[in-house]
Amino acid sequence: MASRLSRIWPVVSRVRLSSALGTRCVSQTPKSSAAGAAVASDLQPVSPALQDSHGHTEVNPFEKNPDFHGFHHHDTFVDEWNMRLAFFFGISVAIVIGGTFIHYLPDHGMRQWARREAERLIKQREAEGLPLMTENYYDPSKIILPSSGDE
Amino acid sequence: MLKVLIPTIMLFPMIWSSSPKWLWPTATTQSLLIALISLTWLKWPSETGWSASNMYLATDPLSTPLLVLTCWLLPLMILASQNHLHPEPINRQRLYISLLISLQTFLIMAFGATEIIMFYIMFEATLVPTLIIITRWGNQTERLNAGTYFLFYTLAGSLPLLIALLLLQQSTGTLSMLILQYSQPLTLNSWGHNIWWAGCLIAFLVKMPLYGVHLWLPKAHVEAPVAGSMVLAAVLLKLGGYGMMRMMIMLDPLSKELAYPFIILALWGILMTGSICLRQTDLKSLIAYSSVSHMGLVAGGILVQTPWGFTGAIILMIAHGLVSSALFCLANTTYERTHSRAMMLARGMQMILPLTAVWWFIANLANLALPPLPNLMGEIMIITTLFNWSPWTIMLSGLGTLITAAYSLYLFLMTQRGPTPNHIKGLSPFHTREHLLMALHLIPVILLVTKPELIWGWCY
């Protein structure tokens, strides 16, 4: 159903857009909201949006350097080393070594101990036939109450 | 604390003195090392909570996950900004990174502060670099409007907070969180005290944001450049949640009645902003409204003041921080290629960028709170505690979960599935840098599944 929707949706939206704005699909609405940035004039070949601040059109960086990693546009040496440093310090150091450090942190608040102790006690009490938990935490015979009547 | 603060401050001379070629590699490397050192904060030695090296900066299980998130985010912001800043002159690039570093410093000091006034000052101080990033490096003319809304909404909320804090200092004699937790409960029985209660919380509710005062967020998130959106969504919103959790301790018993309208507003906000997401055409705007929706759930969880509510709030804050930042990074990759945020222009991308579609898929699954990710764990805890507070809230929060799933699915299907339009087929491939960026966002979310007690806060 979702695939049918996704097949119909582009056609529906294109129809609505073209009928509302004319077949050239150029938005005439003033750019008053964030969605106004999404003008379809970006689709034209050499529009100002496709040029950088010097007026050149966009160049695909992969043409000059097929191994472009996204770090440095012109210097392949810096690009490659930036990639290596980012991966090493990001994954090997921060995630792996950091993750190992976190894994071996001590049992804060004795939570894991409490779980193990509870399981041990349950096993022990079931083996002895005792109830798992008694109503009274303290032994009632040992509690000395003040006599009622005075005060 | 200093072992992280001093390397962060030393990033300034590093940035300004490095050669232009090696500016970005060195910034990335040093910030990743800082992130590694910040992980040592996760070792909480004492059972009383606070681990302090001095009286003014300390960490406890509530602030530590947020501090680690902040320190982790700086290298990610640097990685994300590298491409779009490339055509700019070198000193402007240095200035941009310096703004990110100053934001980082203020955030570390804010989350680590033990005095509430210091937290307040750092809370306000984070506004300045963020405002400069949004208004100077945003891409559309609306960025000026966005900056104005962002600054004045937060300032209008936080000025009453300053007065409220000074009054609190007057009556208790101290504003140190270490001491206030043991102070006598305040006698709060007059109308003035009600207003004081509101004054304490309004600043954080605006920052979170609560639904009625959320208008600054879609503007600011959309107009900011990618690093600005990342830090806003991942950390700055959580300043509001963190501040609320700290202040809540002192605000009883007024909060029992006074929190009522804000909880309802937060829950209603989940539904409203979720429904708005289903009608969005702007990619970043959809993610921004989704942030409002998730933070509405966090606000509801904090305002009911139960252990599960607080724990669920912290878990959801950390998980949402990472996932929302990941979605903004993905939106930015689309923006850098098509120069537009319209979802209609970037459809069917799975056909041409299949590995990127995997990142979109995982990020959207995390956003809709798929088990066993911490997003779900936080949501479930908050929904349960709200149900305990009042069974009727299950209608609102359940519907909210449904709508969250709907718009996350809508986002994924719109951008990835369907026929690929002709103008998309020429898009350049995904860079290694962008894959690394997504991996560094999503791997911690998945790893948190294995050790969630790191983000359970101090209620457990």
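Quantities reported herein were computed from a predicted structural model and do not represent experimental measurements.

Visitor: Any details on the overall build of chain B? Residues and values, ideally.
Guide: If you tally the helices and strands in chain B, you get 19 helices and 2 strands. In terms of overall dimensions, chain B is globule-like: its C-alpha atoms have a radius of gyration of 21 Å, near the 23 Å expected for 460 residues. Expressed along its principal axes, the backbone C-alpha trace of chain B runs to roughly 70 × 55 × 45 Å. Evaluated residue by residue, chain B yields a buried proportion of 63% over its 460 residues. Sequence separation of 24 or more characterises 83% of the internal contacts of chain B that already satisfy a separation of 6 or more. Of the roughly 15600 Å² of accessible surface on chain B, 71% is carried by carbon and sulfur atoms. Of the side chains in chain B, 21 bear a positive and 14 a negative charge, and the two mean positions are spaced by 11 Å.

Visitor: Hey, could you go over the confidence of the model for chain B for me, with residue numbers and the actual values?
Guide: Of the residues in chain B, 100% have a pLDDT of 70 or more, and the chain-wide mean is 93. ipTM for the predicted complex: 0.92, alongside a pTM of 0.87.

Visitor: Go over the pattern of salt bridges, please, and point to the residues and values.
Guide: Opposite charge on two side chains lets them pair, provided their charged atoms get close. One pass over the structure, following the stated rule, counts 10 salt bridges over all chains. Of the charged contacts in the structure, one is a salt bridge between R120 of chain A and E117 of chain A, with a shortest N-O distance of 2.9 Å. Of this pair, R120 of chain A and E117 of chain A both sit in helix α4 (residues 111-128), 3 residues apart, which is roughly one turn of the helix. What makes R120 of chain A partly exposed here is its relative accessible area of 44%. Measuring nitrogen to oxygen at the nearest pair gives 3.1 Å for the salt bridge that ties D282 of chain B to R341 of chain B. With a gap of 59 residues between them, D282 of chain B in the loop between α13 (260-278) and α14 (283-303) and R341 of chain B in the loop between α15 (307-338) and α16 (354-367) connect regions that are remote in the sequence. Each of E336, R337, R433 and E434 of chain B takes part in one network of salt bridges that share partners.

Visitor: Run through the state of the cysteines, naming residues and quoting values.
Guide: Residues and elements named next belong to chain B. This structure, assessed with the given rule, holds 0 disulfides over all chains. Left without a disulfide partner, C71 is nearest to the cysteine sulfur of C329, which lies 17 Å away. C71 gets classed as buried once you look at its relative accessible area, which sits at 0%. Given the relative accessible area of 1%, C329 is considered buried.

Visitor: A description of the UniProt feature "domain: NADH:ubiquinone oxidoreductase chain 4 N-terminal" (unreviewed entry) in chain B should follow, citing residues and the corresponding values.
Guide: Following the UniProt record, the feature "domain: NADH:ubiquinone oxidoreductase chain 4 N-terminal" (unreviewed entry) maps to residues 1-110 of chain B here. Between the C-alpha atoms that bound residues 1-110 of chain B there is a distance of 12 Å. The span itself is 65% helix and 4% strand.

Visitor: An account of the nonpolar core is needed here, citing residue identities and associated values.
Guide: Residues and elements named next belong to chain B. Counting residues in each nonpolar core, the largest one holds 173 residues, and the members touching the most others are W72, F119, L201, M247 and L303. A total of 18 residues in this core trace back to one element, the largest contributor, which is helix α11 (residues 226-251). Excluding residues within four positions of it along the chain, L303 makes contact with L201, L205, M244, M248, A259, F262 and I263.

Visitor: How would you sum up the packing of aromatic side chains? Please name residues and give values.
Guide: According to the stated counting rule, one finds 16 aromatic pairs over all chains in the structure shown. Members of the aromatic cluster, each reached through a chain of ring pairs, are F111, F119, F123, F204 and Y242 of chain B. Across the ring face of W81 of chain A, the terminal group of R84 of chain A is positioned such that the distance to the ring centre comes to 5.0 Å.

Visitor: Could you give me a rundown of the interface of chain B and chain A, with the residues and numbers involved?
Guide: Listed as interface residues are 56 residues of chain B and, on the opposing side, 54 residues of chain A. Together, the buried faces of chain B and chain A total about 4600 Å²; carbon and sulfur atoms form 69% of this surface. Considering only the surface of chain B that becomes buried against chain A, H339, T432 and L436 of chain B emerge as the three largest contributors, covering 11% of it. Inspection of the chain B/chain A interface yields 1 salt bridge.

Visitor: Can you lay out the side chain of T59 of chain B for me, pointing to particular residues and giving the numbers?
Guide: All names here are of chain B. Mapped onto the fold, T59 is located in strand β2 (residues 58-59). For T59, a relative accessible area of 4% corresponds to the buried category. Here T59 is in contact with M1, W41, G49, W50, S51, T64 and L67, once residues within four sequence places are set aside.

Visitor: Please set out the environment of I15 of chain B residue by residue, giving values where relevant.
Guide: Residue and element names in this part refer to chain B. For I15, the position within the fold is in helix α1 (residues 2-17). Residue classification places I15 among the buried positions, given a relative accessible area of 0%. Along the sequence, I15 and T154 sit 139 residues apart, while their C-alpha atoms lie 30 Å from each other. Those residues in contact with I15 that sit more than four places away from it in its chain are L23, A27, R94, I97, S98 and I101.

Procedures and definitions
Residues numbered from 1 in each chain as written. Chains lettered and ligands numbered in written order. Predicted model: local features only at pLDDT ≥ 70, side-chain atom pairs only at ≥ 80, totals over all residues. Heavy atoms only, no water. Helix = DSSP H or I, 4+ residues; strand = E, 2+ residues; numbered from the N terminus. Rg over C-alpha atoms; globule rule 2.2 N^0.38 Å. Buried < 20%, exposed > 50% of the residue type's maximum accessible area, 1.4 Å probe, protein only. Contact = heavy atoms within 4.5 Å. Areas by Shrake-Rupley, 256 points an atom, 1.4 Å probe, with all protein chains shown as cover. Lys, Arg positive; Asp, Glu negative; His and termini not counted. Charge placed at Lys NZ, Arg CZ, Asp CG, Glu CD. pLDDT = per-residue confidence, 0-100. Salt bridge = Lys/Arg side-chain N within 4 Å of Asp/Glu carboxyl O. Disulfide = S-S within 2.5 Å. UniProt positions renumbered as here; feature names shortened; annotations may be inferred. Core = buried A, V, L, I, M, F, W, Y, C linked by side-chain atoms within 4.5 Å. Phe/Tyr/Trp six-rings, centres within 6.5 Å; stacked < 30°, edge-to-face > 60°. Lys NZ or Arg CZ within 6 Å of the ring centre and 35° of its normal. Buried area = accessible area lost by both parts, 1.4 Å probe.

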